[in-house]
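# Structural overview for review
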Amino acid sequence: MRWLSRPWQLAGMVLPALIIYSLYFTYPVVYSVLQSFTDAKAFGSSTIVGAENYTSMVDDPLFWSSLRNTAIILVISLCLLLPGAFGLALLLGRRIRGAGVLRTMVFAPNVVAPILIGLIWVFILDPHLGLLNELLRLVGVAEPPAWIGGTTLSPYSIGSVYVWQTVGFIMTIFYAGLKMLPGDVMEAAELDGAAGLKRLRYVTVPMLRETIGITTVLVITGSFKIFELVVQLTGGGPVHLSETLVSYTYHVTFGLQNYGYGMALAVITSVLGVAVALGYLAFLRRKATAA
Amino acid sequence: MSTSTRTQVRFPHGDVPRRPRGRRRGWAAVVAYVVTALLILPMLWVVVLSFQTNENILRDPLNLTELNLANYEVATQTLNLMLMYKNTFILASVSVVVGVVFAYMAAYALTRMEWTRVWLRNGLRFYLLAGLAIPVYILLFPVYRLNIELGLFGTYWALILPYIAAQLPFNVLLFTGFLADFPVEVEEAAVIDGARLRTLAWQIVFPLMRPVVATLLIFNIIYVWNEYPFAVTLINDPAMTTISLGVAQFQGFWSVDYGAMMASATLVLLPQLLLYAVFQRHVVAGMTFGAVKG
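The rules behind the values
- Residues numbered from 1 in each chain as written.
- Chains lettered and ligands numbered in written order.
- Predicted model: local features only at pLDDT ≥ 70, side-chain atom pairs only at ≥ 80, totals over all residues.
- Heavy atoms only, no water.
- Helix = DSSP H or I, 4+ residues; strand = E, 2+ residues; numbered from the N terminus.
- Buried < 20%, exposed > 50% of the residue type's maximum accessible area, 1.4 Å probe, protein only.
- Contact = heavy atoms within 4.5 Å.
- Areas by Shrake-Rupley, 256 points an atom, 1.4 Å probe, with all protein chains shown as cover.
- Lys, Arg positive; Asp, Glu negative; His and termini not counted.
- Charge placed at Lys NZ, Arg CZ, Asp CG, Glu CD.
- Patch = residues over 30% accessible without salt bridge, like charges linked within 9 Å, V, L, I, M, F, W, Y side chains within 5 Å.
- Salt bridge = Lys/Arg side-chain N within 4 Å of Asp/Glu carboxyl O.
- Core = buried A, V, L, I, M, F, W, Y, C linked by side-chain atoms within 4.5 Å.
- Buried area = accessible area lost by both parts, 1.4 Å probe.
- Polar contact = N/O pair within 3.5 Å; in protein donor to acceptor, adjacent residues only side chain to side chain.
- Axes fitted to C-alpha atoms, helices over the stretch in contact; angles between N-to-C directions.
- Nonpolar A, V, L, I, M, F, W, Y, C, P; charged D, E, K, R; others polar.
- Phe/Tyr/Trp six-rings, centres within 6.5 Å; stacked < 30°, edge-to-face > 60°.
- 1 Å grid on protein atoms, 1.4 Å probe; cavity = no way out; pocket = protein on both sides within 12 Å on 5 of 7 lines; lining within 4 Å.
- Points joined across faces, edges and corners; volume = space filled by probe spheres on them.
- Parallel < 35°, antiparallel > 145°, perpendicular 65-115°, else oblique.
- Left-handed = near helix turned anticlockwise from the far one by under 90°.
- pLDDT = per-residue confidence, 0-100.

## Description of the overall build of chain B
On a plain count of helices and strands, chain B comes out with 14 helices and zero strands. Taken from N to C terminus, the helices and strands of chain B fall in the order α-α-α-α-α-α-α-α-α-α-α-α-α-α. When burial is assessed residue by residue, chain B has 48% of its 294 residues classed as buried. Sequence-distant contacts, at least 24 apart, represent 73% of the contacts inside chain B between residues at least 6 apart.

## Concerning the overall build of chain A
Helices and strands together make up the secondary structure of chain A, namely 13 helices and zero strands. With respect to the principal axes defined by its C-alpha atoms, chain A has extents near 80 × 75 × 40 Å. Going through the 291 residues of chain A one by one, you find that 54% of them count as buried. Considering only contacts in chain A between residues 6 or more positions apart, those separated by 24 or more positions represent 67%. For chain A, the exposed area adds up to about 12,800 Å²; of that, 68% sits on carbon and sulfur atoms. Charged side chains of chain A number 18 positive and 14 negative; the gap between the two group centres comes to 14 Å.

## Regarding a nonpolar patch on the surface
There is a patch of nonpolar side chains on the surface, built from Val-30, Val-34, Leu-38, Leu-41 and Leu-44 of chain B and spanning about 440 Å² of accessible area. Mapping Val-30 of chain B onto the fold places it in helix H2 (residues 21-49).

## Details of the nonpolar core
Grouped together as the largest cluster of nonpolar side chains are 182 residues, with contacts concentrated most on Leu-116 of chain A together with Phe-175 and Phe-230 of chain B. Excluding residues that lie within four positions of it along the chain, Phe-230 of chain B makes contacts with Val-136, Leu-139, Leu-140, Val-143, Leu-159, Pro-162, Tyr-163, Ala-166 and Tyr-223 of chain B.

## Structural notes on the interface of chain B and chain A
With 102 residues of chain B at the interface, the matching set in chain A holds 88 residues. Both sides together, the interface formed by chain B and chain A hides about 9,100 Å², and carbon and sulfur atoms give 76% of it. For the pair chain B and chain A, the number of links is zero salt bridges. Applying the counting rule to chain B against chain A returns 18 residue pairs in polar contact (both at pLDDT 80 or more).

## Examining the pattern of salt bridges
All names here are of chain B. Evaluation of the coordinates by the stated rule reveals three salt bridges over all chains. Of the charged contacts, one joins Glu-149 and Arg-145 as a salt bridge, the two residues approaching to 3.7 Å between their closest N and O atoms. Here the residue Glu-149 and the residue Arg-145 both occupy positions in helix H7 (residues 140-150), the gap between them amounting to four residues, near one helical turn. Among the residues examined, Arg-145 registers a relative accessible area of 30% and is labelled partly exposed.

## What about the side chain of Ser-154 of chain A?
As for its placement among the helices and strands, Ser-154 of chain A is situated in helix H7 (residues 154-180). For Ser-154 of chain A, a relative accessible area of 0% gives the class buried.

## Things to note about the packing of helix H5 (residues 81-112) of chain B against helix H13 (residues 243-253) of chain B
Geometry of a packed helix pair, given as the angle between the helix axes and the separation of the axes. All names here are of chain B. Two elements in contact, H5 and H13, have axes separated by 8 Å at closest approach and are oriented at 145 degrees. Facing H5, whose interface residues are Met-84, Tyr-85 and Thr-88, H13 presents Ile-243, Gly-246 and Phe-250. Grouping the constituent residues of the contact of H5 with H13 by class yields four nonpolar, two polar and no charged.

## Observations regarding the packing of aromatic side chains
Inspection of every chain in the model, using the stated rule, returns 31 aromatic pairs over all chains. Taking 6.2 Å as the distance between ring centres and 80 degrees as the angle between the ring planes, the aromatic pair formed by Tyr-85 of chain B and Trp-225 of chain B counts as edge-to-face. In this pair, Tyr-85 of chain B is assigned in helix H5 and Trp-225 of chain B in helix H11 (residues 210-226), connecting sequence segments 140 residues apart. Using a relative accessible area of 22% as the deciding quantity, one classes Tyr-85 of chain B as partly exposed. The buried category is assigned to Trp-225 of chain B, whose relative accessible area is 16%. The rings of Tyr-27, Tyr-31, Phe-227, Tyr-250, Phe-254 and Tyr-259 of chain A together with Tyr-137, Phe-141, Tyr-144, Phe-153 and Tyr-228 of chain B are connected pair by pair, giving a single aromatic cluster.

## Brief notes about unusual backbone geometry
Residues and elements named next belong to chain A. Positive phi, normally seen in glycine, also occurs at His-240, with a value near 65 degrees. Tracing the backbone through its elements, the reader meets His-240 in the loop between helix H11 (228-233) and helix H12 (245-255). Classification of His-240 by relative accessible area gives partly exposed; the value is 25%. Although it is not a glycine, Gln-257 sits at a positive phi angle of roughly 55 degrees. On the secondary structure map, Gln-257 appears in the loop between H12 and helix H13 (259-290).

## Focus on empty space enclosed by the protein
Residue and element names in this part refer to chain B. Under the counting rule described, the total for this entry stands at one cavity of 30 Å³ or more. Volume-wise, the largest cavity comes out at about 50 Å³. Looking at the largest cavity, the residues that line it are Ser-95, Val-96, Gly-99, Tyr-163, Ile-164, Gln-167, Leu-168, Asn-171, Asn-220 and Val-224. Element by element, the count of residues in the lining of the largest cavity is highest for helix H8 (residues 157-180), at five residues. Looking at the lining of the largest cavity, its residues break down into five nonpolar, five polar and no charged.

## Observations regarding the side chain of Thr-244 of chain A
Assignment of secondary structure puts Thr-244 of chain A in the loop between H11 and H12. Setting aside its immediate chain neighbours within four residues, Thr-244 of chain A contacts Ser-66, Thr-70, Ile-73, Ile-226 and Val-230 of chain A.

## Side note on the packing of helix H1 (residues 7-35) of chain A against H7 of chain B
Following both chains from N to C, one finds H1 of chain A and H7 of chain B inclined at 115 degrees, their axes separated by 8 Å at the closest point. Relative to H7 of chain B, the element H1 of chain A is oriented roughly perpendicular. Classified by chirality, the crossing of H7 of chain B by H1 of chain A is right-handed. Together, Leu-23, Tyr-24, Tyr-27, Pro-28, Tyr-31, Ser-32 and Gln-35 of chain A of H1 of chain A and Phe-141, Pro-142, Val-143, Arg-145, Leu-146, Asn-147, Glu-149 and Leu-150 of chain B of H7 of chain B make up the contact between the two elements. A per-class count over the contact of H1 of chain A with H7 of chain B returns 10 nonpolar, three polar and two charged.

## A closer look at the confidence of the model for chain B
All names here are of chain B. Confidence along chain B averages 84 in pLDDT terms, with 89% of residues attaining 70 or more. By mean pLDDT, helix H1 (residues 4-10) is the weakest element of chain B at 42, and H5 is the strongest at 94. Low confidence marks residues 1-23, where pLDDT is under 50. Its contacts with residues over four positions away, or in another chain, come to 19 contacts. Under the prediction, the complex receives an ipTM of 0.87, its pTM being 0.87.

## A closer look at the environment of Trp-202 of chain B
Residue and element names in this part refer to chain B. On the secondary structure map, Trp-202 appears in helix H10 (residues 197-208). On the accessibility criterion, Trp-202 (28% relative accessible area) is partly exposed. Here the alpha-carbon distance between Trp-202 and Arg-125, two residues 77 residues apart in the chain, equals 21 Å. Dropping the residues within four chain positions of it, Trp-202 is found in contact with Val-101, Tyr-104, Met-105 and Pro-207.

In structure tokens:
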């Protein structure tokens, strides 16, 4: 079809997408990186300060607490979300009456706005009027903990709500992966005496390596992106000690209007998220070749 | 998972399932029902609270004897929900339609058309897909500045353009994935009949992309509907409030009237769930396709 692929025709097809994407995606990324090397503030002109924004992160206690909170959320997600979603996929993949409806229901929180999810969970986790503590008081716990609002439990609560919201999403990917497994291999395994947990350990999980890789990367990048839940559940408080990297970046950029430092934080957050995901993928690949 | 029926037919002599089938399935079903119920309970709780009086929510939220619709009256009279829905509808319809059309055009050119410079095609494909790896949060402040410089701040375009850009990598990914597997014979026949590019792309191939288009439309609509970071950064005019922005303000707005807050939340929650219930097939299909193939 060479005749219809004249340069102007190709350009006409590609350019609309290319222009919007370059203007609203590539240019902003480049701008962020450049801005992160200046001392841009709300007012006045900015000068290039080199890597100063990056070095001052080391002395910023709020950066470290945000990093710690993000790490807690990441670990909680990895520990609860992956096994939980996998178990749920196995469970809802069985021939249960109404399994299709159950899968649809478990996925539902993913289509609800995260900002609304946050609001909903305030009414469960709030220390004073939340359902959870109401139930705890009912069973005789006199001083139920402050799930949100304090500094100790807040990241764990945010992580748990994230797990709740995303479990149906990850479950669906696992479910699709399980359904694509060749049935004859599973039968052969069963005949060879590998049933139940044994089959799961030696046949199902190794064959799902690809799917497990995809879901883990999604969970890692997803944990770094949590923003609305922080806004709604804790607002980053008290005194910004429950901020995550993303919400702290937002606070520095738009709250304090310290653009240079904010963009440096944005760059570091992005690089960390991508690096952790890529590092994990490389680790998986090495393990696969070693095995 | 359960292959026991077929196994029994093939091997009638032995290999009886270790546990009685009925009992095993029964347990799995009970666990599945309980787990699902626990997972949807948080959303139900908001709906239940929305029918309670404010005093009850504060004093004894588990007492469900006095339920009424008073909160809904307060919520609908005070909040301008229709405005939020209208704004979100405008943003979604323009950005989703334009975004899907542009993504399709680019994907068509990158997969179905002949390029004399193959490196250019491969480079463009990589360039457009690279956005998948970049978190949208890094864009917030530069896009805010860009909108001011372009004079778009305060208009719908301030959100529509970044929404299109943010969704483009995923849309291109799904379109190129499908188009690459698509047989060329139909197009070749049409070319012999004298069809031009416009006919090929829009009247012959595009209709065959219907399942992908449906999936992408749903995904893009859900994205715009739920989008918060761009909206909170790029909008400061109350007349342009979107649904997400509205929800974020509920807490400040109803700082004492929790019943009204729950009623407002329910009024946002139920349409979202309803939309999902109608289109859930496309949502789940698109999600698994994107994840397993991409």
